[in-house]
Amino acid sequence: MPKHRVLIVEDEQDIAGLIKHTVERGGEADAEIVASGDAALRAVSDRPPDLIILDLNLPTVSGIEVCRILRSRAETRHVPIIMVTARTTEDDRVQGLDLGADDYLTKPFSPRELAARVRAVLRRATPASERQAAAYRGVNLVADFDAVAVSVQGQPVRLTRREFELLRYLVHNKNRVVSRDRLLERVWGYDRLVETRSIDVHVGRLRSKLRDAGRQIETVIGLGYRFIDA
Ligand code: CA
């Protein structure tokens, strides 16, 4: 599983270090630290992270301004932001949430609280590594995920919404094994109570609808499924 990439924007070194330590502790995320608003904007436009932990009180460009700019750009609009505010700046906090920050922490915060917020936001978000190409073009299979149109050898294929989402998720993780648990979480939604057998049924139906291209969905025994390029 690729690690989540977290960008920490904080000019106070010891606090930045504490946040980094907390975020990386579970082994599921790598964190990078930048110390100013303009460095944050550069880092994000180079490569949008999966989460930004943004101090509001920053040199050069303020955290509020960083938040506003990120939300105004299509390529960074969906990157989750947790704001970090001082206790005294309620106005900033309200403004930040109005601008679309996902959550906030008040200084001083406990590492446990931070870790819990980070987990919650990352769970709701789609990792940057899985953020979608709009289409797939293989030898037999063509899928336009924006237009919700799938065809095999030029013939349109009618998929249910679930089958379509399943295909989309497998394609976007092509050549990687995706576990049934992961599919449950990503395609069925975290809270749905679905038996893993039901996933196998859906994959079976999707395969047969895709005819020749169905072979591109491999069963990896004991692990899950893998979409292979063809
Ligand atoms: Ca600061």
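About the thresholds
Residues numbered from 1 in each chain as written. Predicted model: local features only at pLDDT ≥ 70, side-chain atom pairs only at ≥ 80, totals over all residues. Heavy atoms only, no water. Donors = N, O, S within 2.8 Å, 3.2 Å for Na, K, Ca; no water. Buried < 20%, exposed > 50% of the residue type's maximum accessible area, 1.4 Å probe, protein only. Pairing = 2+ DSSP bridges. Helix = DSSP H or I, 4+ residues; strand = E, 2+ residues; numbered from the N terminus. Axes fitted to C-alpha atoms, helices over the stretch in contact; angles between N-to-C directions. Domains from an automatic or database assignment. Contact = heavy atoms within 4.5 Å. Core = buried A, V, L, I, M, F, W, Y, C linked by side-chain atoms within 4.5 Å.

**Description of the coordination of the calcium ion**
Consideration 1: Each protein donor to the calcium ion is listed here as Asp11 (OD), Asp55 (OD) and Asn57 (O); together their distances run 2.1 to 2.4 Å.
Consideration 2: Here the donor residues of the calcium ion share one chain and are spaced in sequence as D-x43-D-x1-N.
Consideration 3: On the basis of relative accessible area, Asp55 is assigned to the buried category, the value being 2%.

**Comments concerning the sheet that holds strand S9 (residues 155-157)**
Consideration 1: One open sheet holds the four strands; their spatial order is S6-S7-S8-S9, and the pairing between them is antiparallel. Of all strands in the sheet, those with a lone pairing partner are strand S6 (135-137) and S9, marking the two edges. The average undirected angle you get between the axes of adjacent strands in this sheet is 25 degrees.

**Observations regarding the domain arrangement of the protein chain**
Consideration 1: Partitioning the protein chain into domains gives domain 1 (4-130) and domain 2 (135-227).
Consideration 2: For domain 1 versus domain 2, the distance between C-alpha centres works out to 33 Å.

**A short note on the sheet that holds strand S12 (residues 224-227)**
Consideration 1: Overall, antiparallel pairing links the three strands, which are arranged S10-S12-S11 in an open sheet. Of all the strands in the sheet, the pair left with one neighbour each is strand S10 (177-179) and strand S11 (217-220). Each strand axis lies, on average, 35 degrees off the axis of its neighbour in the sheet, ignoring direction.
Consideration 2: As paired strands, S11 and S12 are joined by four bridges and run antiparallel to one another. Residue pairing in the sheet places Ile217 in a bridge with Phe227 of S12.
Consideration 3: Running over the sheet, helix H7 (residues 180-188) touches S10 and S12 and is turned about 75 degrees from S10.
Consideration 4: Strands in contact with helix H8 (residues 196-209) are S11 and S12; relative to S11, the strand with the most contacts, it is inclined by about 150 degrees.

**Overview of the nonpolar core**
Consideration 1: Leu141, Leu167, Leu183 and Leu210 are the most contacted members of the largest nonpolar core, which totals 27 residues.
Consideration 2: Among the secondary structure elements, those contributing two or more residues to this core are strand S7 (141-144), strand S8 (149-152), helix H6 (161-172), H7, H8 and S12.
Consideration 3: When residues in this core are grouped by element, the largest group, six residues, is from H6.
Consideration 4: Residue contacts for Leu141: discarding those within four places in its chain leaves Tyr136, Val150, Ser151, Val152, Leu167, Leu210, Ala213, Gln216 and Phe227.

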